[in-house]
Amino acid sequence: MTTTFNNVLAFAQHNLLILPLTFDSVVSSLDWIYHLFPADGDQQELYINTENPHILKVKYIIYHSLIEIYFYHNQGLQSKIKHRLFVFNKVLHFKHLFYNTSILNYSVTQNPIQFYSQFSNNMFNAVGI
């Protein structure tokens, strides 16, 4: 099962976020990232440390799901899978910092929203934006 752009928008709306994005704006460049997170590194760090943890996790899930759509559209299936594997391996690399990494599951068939939902905010922080 794949997650489409509309599924990501529905996930955002379900979590009370309105994204001012279109499919074309997501696949044409990565500028849409700054609708989710501040562009400046210092502002990003402050935002990550002060944002509501639930909203932050929702934005991380949206970010990685949209990145997969961007990679799939622009560079093909292998790039999409490569991004997912990068995130998973980066979290495992820092597993000594987290609890319950043994329950993490790598899957190429799981839709992105489900796949990225298994990670905590601290795990996403280790991966970076």
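These lines cover the structure that appears in this document, whether it is placed above or below. (Residues numbered from 1 in each chain as written. Predicted model: local features only at pLDDT ≥ 70, side-chain atom pairs only at ≥ 80, totals over all residues. Heavy atoms only, no water.)

**Re the nonpolar core**
Ranked by size, the top nonpolar core spans 37 residues in total, and within it W32, I62, L66 and F119 carry the most contacts. For this core, the elements supplying multiple residues, two or more each, are α1 (5–14), α2 (23–28), α3 (41–50), α4 (53–75), α5 (77–93), α6 (112–117) and α7 (121–127). Looking at this core, the element that brings in the most residues is α4, giving ten residues. Apart from the residues lying within four places of it in its own chain, the contact partners of F119 are K57, V87, F88, V91, L104 and F124. (Core = buried A, V, L, I, M, F, W, Y, C linked by side-chain atoms within 4.5 Å. Buried < 20%, exposed > 50% of the residue type's maximum accessible area, 1.4 Å probe, protein only. Helix = DSSP H or I, 4+ residues; strand = E, 2+ residues; numbered from the N terminus. Contact = heavy atoms within 4.5 Å.)

**Some remarks on unusual backbone geometry**
With a phi close to 65°, L16 is a non-glycine residue in the positive phi region. When you line up the elements, L16 lands in the loop between α1 and α2. You can call L16 exposed: its relative accessible area is 77%.

**A closer look at the side chain of K80**
With respect to the helices and strands, the residue K80 is situated in helix α5. For the buried residue K80, which engages in no salt bridge, the nearest side chain bearing the opposite charge is E68, 4.1 Å off. When near neighbours in sequence (up to four residues on either side) are disregarded, K80 contacts E68, F71 and Y72. (Lys, Arg positive; Asp, Glu negative; His and termini not counted. Salt bridge = Lys/Arg side-chain N within 4 Å of Asp/Glu carboxyl O.)

**Quick notes on the pattern of salt bridges**
Throughout the structure, instances matching the rule amount to one salt bridge. A salt bridge links E68 to R84; the shortest N-O distance between them is 2.9 Å. With a gap of 16 residues between them, E68 in helix α4 and R84 in helix α5 connect regions that are remote in the sequence. Take E68: its relative accessible area is 1%, and that puts it in the buried class. Classification of R84 by relative accessible area gives buried; the value is 2%.

**Side note on the packing of aromatic side chains**
Here the structure, examined in full by the defined rule, presents 13 aromatic pairs. Ring centres of F115 and Y116 lie 5.0 Å apart, and the angle between their planes is 80°; this geometry places the pair in the edge-to-face category. Neither residue differs from the other here; F115 and Y116 are each classed as buried. Three or more aromatic residues link up through ring pairs in this structure, and these residues are W32, F37, Y47, Y60, Y63, F88, Y106, F115, Y116, F119 and F124. For the cation-ring pair, K80 lies above Y72, with the distance from its terminal atom to the ring centre recorded as 5.6 Å. Over the face of the ring belonging to F115 we find R84, whose NZ or CZ atom lies 4.6 Å from the ring centre. (Phe/Tyr/Trp six-rings, centres within 6.5 Å; stacked < 30°, edge-to-face > 60°. Lys NZ or Arg CZ within 6 Å of the ring centre and 35° of its normal.)

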